[in-house]
Amino acid sequence: NNLIEDLKHLYNVAGLKGQGITFLFTDQEIKDENFLEYMNNVLSSGEVSNLFSREELDEIFTELTPIMKKEFPRRPPTPDNLYSYFLSRARRNLHVVLCFSPVGEKFRNRALKFPGLISGCTMDWFFRWPKDALVAVAQHFVADFAIECEARVKREVVDLMGVIQDGVAETCVDYFQRYRRSTHVTPKSYLSFLTGYKMIYSSKRDEIGGLADRMNKGLEKLVEASHSVEKLSKELAVKEKDLAVASEEADKVLKEVAVKAREAEAVKAQVQKVKDKAQALVDGIDEERTVAQKMLDAAKPALEEAEAALKTIQPSHIANVRNLKRPPHLIQRIMDCVLLLFQRKIDLVVVDPERPNCIKPSWGEALKLMSRADFLSSLLNFNKDLINDETVELVAAYFEQEDYVLSRAKSVCADVAGLLSWTKAMAAFYAINKEVLPLKSNLIRQEARLAVAEKDLAEAQAELDEKQREKDEVQAQYDAAIQKKEALTEDAETCRRKMNAATALIGGLSGERERWTQQSKEFQEQIGRLVGDVLLCTGFLSYAGPFNQEYRSTLLGNWMQEMKTRRIPFSADLNVTKMLADSTTVGEWNLQGLPNDELSIQNGIIVTKAARYPLLVDPQGQGKFWIRNKEATNELQVTSQNHKYFRNHLEDALSLGRPLLMEDVGEELDPVLDNVLERNFIKSGTTFKVKVGDKEVDVMKGFRFYITTKLANPLYTPEISAKTSIIDFTVTMKGLGDQLLGMVILKEKAELESERTKLMEDVQANKKKMKELEDSLLFRLTSTKGSLVDDESLIEMLRTTKATAEDVQRKLQVANEKETEINAAREEFRPVATRGSILYFLIVEMSMVNVMYQTSLGQFLELFELSMSRSSKSPVTAKRIVNIVQYLTMAVFRYSCRGLYENHKFLFTLLLALKIDLENARVKHQEFQTLIKGGAALDLNAVEPKPAKWILDSTWLNLVELSKLNQFSEVLNQISRNEKTWRAWFDSNRPEESPIPDGYEMSLDTFRRLLLIRSWCPDRTTAQARKYISESLGKEYAEGVILDLKEMWDESSVRKPMICFLSQGSDPTNQIEALAKRLGLDCRAVSMGQGQEVHARRLLQQFMSTGGWALLQNCHLGLNFLDELLNTILTTESVHDDFRLWMTTEVHKDFPINLLQVSIKFTNEPPQGIKAGLKRTFTGITQDFLDVSNMPQWKPMLYAVAFLHTTVQERRKFGPLGWNIKYEFNDSDRECALSNLQMFLADADLPWDTLTFITGEITYGGRVTDAWDQRCLRTLLERFFSPKTLDDGYRYSDSGIYYCPNGSTLKEYRDYVDGLPLSDEPEVFGMHDNANITFQMQETNALVQTVLDVQPRTASAGGGKTSDEIVYELAQSVLDRLPESLDIDQANPIMFEPDEKGRINSLTTVLCQEVDRFNRLLARSFDS
């Protein structure tokens, strides 16, 4: 829709407005091939059909009418004229620029499909920049950049930059020719290389300069400390002299202090006596005061209560009482008691006439007392000590009266009732106080004595103080002297301590001082070599990613050689890994899961250091695993291109500053990533923004972008190569070997692997600590202000740091020794890891044979773990290793062969044997190359001539190549001398079993015999190869693997689909349904195709919840659904245990690799060979089926049907010699034939003619359409379906090897089949021996060619020819053999003789015409 809108806009601008406009269209924008249909129309006719709707055209015509009338007044404004005028203006004003990449097949295919792309365009082919342009661009970038080197060196560097770009471009071509891996360099790569050089040079210059400055400053501080120590030693000598003088002065003053001290002590003794006497008085007084106080405390509650009662009496209350004319008698009596207590005058004692029992109150005196203003206060402050016995005796008479109680007083006059309580309290207090009064009197006397004693004490103390003052003065003088002495002592001690500490520090850092001095010099030299070192590192980061280890080393070697030639300074022993990453960082990567081989470490450096975002070619998932662990603490976001929230994930990672991992991409990247990948960030204030689609997103610090693909050999375009840093993360043999070794040790010696892991972590932590300590040491040394010896805390810290560093160093040494021991113990199991690596890389190689042969590293590791668990245990390590290796090899063999087509199973087995023998040095690499290549690279005219004509040219070239091996060095001479014997051996039917002439029979082992057979008799190569496999690996490896669906089902799980690779006649549906029926499970099938995704989705949902087998057939017709299918299988949380997913598919290059790598793969083809075919048949037969009939004909005829079925299938391998048409015979034919046989055996007599007819014309013959093939089939049936086949001693072939065994049990039949030969002779199929030669030659050629195809191509000494050069040579060779023209006059005269009627033969006329045409063709051929 966007393209349509853009085209409308273009046509409106160009056709309606008449303005010139250019449309730039790149192949990166072609998301649908239909886009090119529109562009083809634009370029071819200038018109895009149905681009505008009728309403839009009407609007255009309305606006265009006056414009056309102005230009063409006489042209009528009809719709057709207006539309034509519109298109003519559009063609005139619209300019289309197409930018397409010629890399790959896309451009060629598009040009063929849309011819307008070529015919409608002017082709402008942009080649790579020439060297002059590269140098000019480099000069522009580097001219003003400061590099510490000579002007000549800088010019050479600029020139070398262009050479590096050119060299890498040529290396890309060579890499593709050798490994068939496509890599590209572009101008954008070159610009990134130049920018990277400046950045890395600046950072390295600053880094090394900073380190040099810190070390120089540290060294200066150490030198300064040395000078300070000398100065301190001189100062210390002076201070020690001053200290001796101060000591003498202090001793002199000390004597005076002693005299004064004795005098003071004498006075002090006298004072102490006085003081003790006074203290005794004080103690006695305190004791009596305490007794008195206890007595007084007992009366205190009553006094307090009386005082409280008094406080309730107000002056007004007293006034009221005083004003009473006739106060109550009780009140009067209370006041008499108060008068008595106050010892006031009272009236004469007379009896009160009103109360005979009472004395008449002295109310008048009471009024006087109450009239006093201080009456109440005098009560409160009453002196209780004035009360005497007489007073208490007088008031006691009042107290004895019955109504002299508080309650009565309150009822009479509540206002002054408190006086009653007060009088009683005073009397009660006196009872206690009269005992206290003597004590108080004694206290007064004692206190008087104490005052005298204190006076004496004060006088004595004054005398003592005087003496003490004199002593203190002398003591002060002594203290000053001592302080001076101590100050001098401390100063001298500090000086000595500083000197000792500094001396110890300088001695302790002497090693660092030497190392820092050396490093400081090296840093200066390194800065001078940075110009070359950084060029190498930048080139490595910019260009080395896509290449393997060999090519990376070659690139670096070539660049170093160029630098030597140009005399550019660089480090001869430069290690790119060590320069770009320190060991601490690499150690952390290893702990996070990065393999520790050199290639993986280099990959880690490129991932983290390259200027462009990394794109990891990671078929085994090692890189992705490392990145997940590395970024786990940084909230890594994982997504994929087809994820429904992919855009959200990208925007979140950008705006939140999180790392983003986009996994499992294909060969194309979403255009929405372009701005991110090219870092087209827009500055907005203090932040950056980037346009993602039509939306601007903030780019926060912390955003990192990782892209991974599982494609083993992706064909990325140059554009993607320029936008990303492509890195080959394919696992290496060493990396995988170490990983497998770790698994073995973890299984067999878990404590050893645990100890090793702990040791690695400790070593890594200690190395990190060492670096931190050294950095801290340098930092403290350089940041110290003033003299180093003045900062004692720093010296102490440096001493501690040094001690810690030494301790860490010791730990590292111990760890190194321990690591050596552990590694030695680990290496004992190295053969297991090595065998595992060989097997895995062979499996990976098979994916190059067929794209469907995909096995993930995870699947292999699971198989590896299983092999260790199930292999036989043994306490003897060597035996245990053998058991694991044997079990693992067989397990991988069976697992892999199950998923291979029949024509690739033998290839896999042969490669397995060869690779194991190559690793064990039983086969040399040169011998392997001779086996697969022979003499194909030799020129017959350039070698020794063959001694006999009967020797084929190809055979002789093979023998010449074979003679280059030491063991066959004389073979050419021996053939020349003994030609007849060699011919006799060559002409034998089975040369591999015949004695080889000239003593080779005894000297050659099986493999060397294979080399000779391969050279002499290529048609017998496979037969000898089977013998080699049997001897090298074991007989079981040469027999192949029979498919067992039940066993495979046992291995499967709800998360592991089972995928069958289809071929002609190999549909496994019937077998799968039969197995499901036998297991009592529901099995339903959906045949994929257009619109079948809905049914497949429904079937999956149903069976994943209820259990059952879902069979998706022909999945190659529903590729778009498979990603969703895989996601459903892996992410659905709750899946029924009985659920299984079966799939069938044909080979398709776009089949999802992820799905293949999590699945169990199998093929259902008939196995090759009579033995394998019969073995498969009897594997599927049960004893019950063998005993289903008691007729004597049943078992022999069952075997005959099985043999017939294998025979008709095996004849297909002979091509037209076997069957004119390759028929799709399958297991259903055999089952049907057995059913018919079982039915006919129900009769007493077996109807041979009927059985033969039904089998030959219907069961098998129903597939046969060719008459000769039908005749052949009938002839074959006579060998199996006739009464004579039931006779004892009947043989199915003249050799007598094949017959029906006379057995009653299934085991007897299987044992007989196991004894059959591996290779079949043509006579068993009813064919001549010569029929086998063609087949075996084809089989050998296909085998050798396939092995050759999966091996890296090796260049000759003079360099290999490119495909273009080969084509040009062939074309020139054809031209050299062609005549310039055909001369009709040189034809046979008979052709031109007329007949009796004078007519020329019609064939002659045709010949003349063809000669004319051919001459024109020849002329065109020579001119073009």
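As shown above, the structure is provided for reference.
Our subject in this report is the structure included herewith. (Residues numbered from 1 in each chain as written. Predicted model: local features only at pLDDT ≥ 70, side-chain atom pairs only at ≥ 80, totals over all residues. Heavy atoms only, no water.)

**Focus: the sheet that holds strand S3 (residues 614–617)**
By definition, the strands of a sheet pair up through backbone hydrogen bonds, in either a parallel or an antiparallel sense.
Next, step 1: Across the sheet, five strands lie side by side as S4-S5-S9-S3-S10; this open sheet has parallel pairing. Of all the strands in the sheet, the pair left with one neighbour each is strand S4 (637–639) and strand S10 (725–728). Taken over all neighbouring pairs, the strand axes of this sheet differ in orientation by 20 degrees on average, direction set aside.
Next, step 2: Inspection of the sheet shows strand S5 (residues 659–662) paired to strand S9 (residues 704–709) by four bridges, in the parallel sense. Among the inter-strand pairings, Met-662 is bridged to a residue of S9, identified as Ile-707. (Pairing = 2+ DSSP bridges. Helix = DSSP H or I, 4+ residues; strand = E, 2+ residues; numbered from the N terminus. Axes fitted to C-alpha atoms, helices over the stretch in contact; angles between N-to-C directions.)

**Remarks on the nonpolar core**
Next, step 1: Counting 120 residues, the largest nonpolar core has Trp-1016, Leu-1112, Leu-1125, Phe-1139, Met-1143 and Phe-1151 as its most contacted members.
Next, step 2: The element best represented in this core is helix H31 (residues 877–898), accounting for 10 residues.
Next, step 3: Discounting chain neighbours no more than four positions away, the residues touching Met-1143 are Pro-1057, Met-1058, Ile-1059, Cys-1060, Leu-1111, Leu-1112, Cys-1115, Leu-1122, Leu-1125, Phe-1151 and Leu-1155.
Next, step 4: Leu-194, Tyr-551, Met-560 and Val-576 belong to the second largest nonpolar core, which has 68 residues in total. (Core = buried A, V, L, I, M, F, W, Y, C linked by side-chain atoms within 4.5 Å. Buried < 20%, exposed > 50% of the residue type's maximum accessible area, 1.4 Å probe, protein only. Contact = heavy atoms within 4.5 Å.)

**Things to note about the pattern of salt bridges**
Next, step 1: If you walk through the whole model with that rule in mind, you get 62 salt bridges.
Next, step 2: In this structure, Asp-1229 and Arg-1263 form a salt bridge, with 2.8 Å as the shortest nitrogen-oxygen distance. With Asp-1229 in helix H49 (residues 1227–1240) and Arg-1263 in the loop between helix H50 (1248–1259) and helix H51 (1267–1280), this residue pair connects regions lying 34 residues apart in the sequence.
Next, step 3: On the basis of relative accessibility, which here comes to 5%, the residue Asp-1229 falls in the buried class.
Next, step 4: On the basis of relative accessible area, Arg-1263 is assigned to the partly exposed category, the value being 29%. (Salt bridge = Lys/Arg side-chain N within 4 Å of Asp/Glu carboxyl O.)

**Considerations on helix H12 (residues 363–371)**
Side chains of residues three or four places apart in an α-helix project in the same direction, reflecting 3.6 residues per turn.
Next, step 1: All of the buried residues in H12 are Trp-363, Glu-365, Ala-366, Leu-369 and Met-370. Buried residues in H12, looked at end-on, bunch into an arc of 155 degrees, giving them a common side.
Next, step 2: For H12, the elements touching its buried residues are helix H10 (315–322), helix H11 (329–341) and helix H13 (375–380). (Arc of directions from axis to C-beta.)

**Looking at the side chain of Asp-1320**
Next, step 1: On the secondary structure map, Asp-1320 appears in the loop between helix H52 (1306–1314) and helix H53 (1329–1350).
Next, step 2: Within the structure, the side chain of Asp-1320 is placed 2.7 Å from the backbone nitrogen of Ile-1170, a separation counted as a polar contact.
Next, step 3: Within the structure, the side chain of Asp-1320 is placed 3.1 Å from the side chain of Tyr-1298, a separation counted as a polar contact.
Next, step 4: The contact partners of Asp-1320, leaving out residues within four places of it in the chain, are Gly-1169, Ile-1170, Lys-1171, Tyr-1298, Phe-1325 and Asn-1332. (Polar contact = N/O pair within 3.5 Å; in protein donor to acceptor, adjacent residues only side chain to side chain.)

**Some details on unusual backbone geometry**
Next, step 1: The phi angle at Arg-180 is positive, at roughly 55 degrees, despite the residue not being glycine.
Next, step 2: When you line up the elements, Arg-180 lands in the loop between helix H8 (151–179) and helix H9 (187–311).
Next, step 3: The exposure class assigned to Arg-180 is partly exposed, which follows from its relative accessible area of 21%.
Next, step 4: At Asn-1114, a residue that is not glycine, the phi angle is positive and equals roughly 55 degrees.
Next, step 5: Locating Asn-1114 in the fold gives a position in the loop between strand S13 (1109–1113) and helix H44 (1119–1131).

**Regarding the packing of helix H46 (residues 1170–1179) against H52**
Next, step 1: Axis separation between H46 and H52 bottoms out at 9 Å; the angle between their running directions is 165 degrees. Here H46 is positioned roughly antiparallel relative to H52, judged by the angle of their axes. The way H46 lies across H52 gives a crossing that is left-handed. Only Leu-1306, Tyr-1309, Arg-1310, Val-1313 and Asp-1314 of H52 make contact with H46, whose side of the interface consists of Lys-1171, Leu-1174, Lys-1175, Phe-1178 and Thr-1179.
Next, step 2: The residue makeup of the contact of H46 with H52, split by class, is five nonpolar, one polar and four charged. (Parallel < 35°, antiparallel > 145°, perpendicular 65-115°, else oblique. Left-handed = near helix turned anticlockwise from the far one by under 90°. Nonpolar A, V, L, I, M, F, W, Y, C, P; charged D, E, K, R; others polar.)

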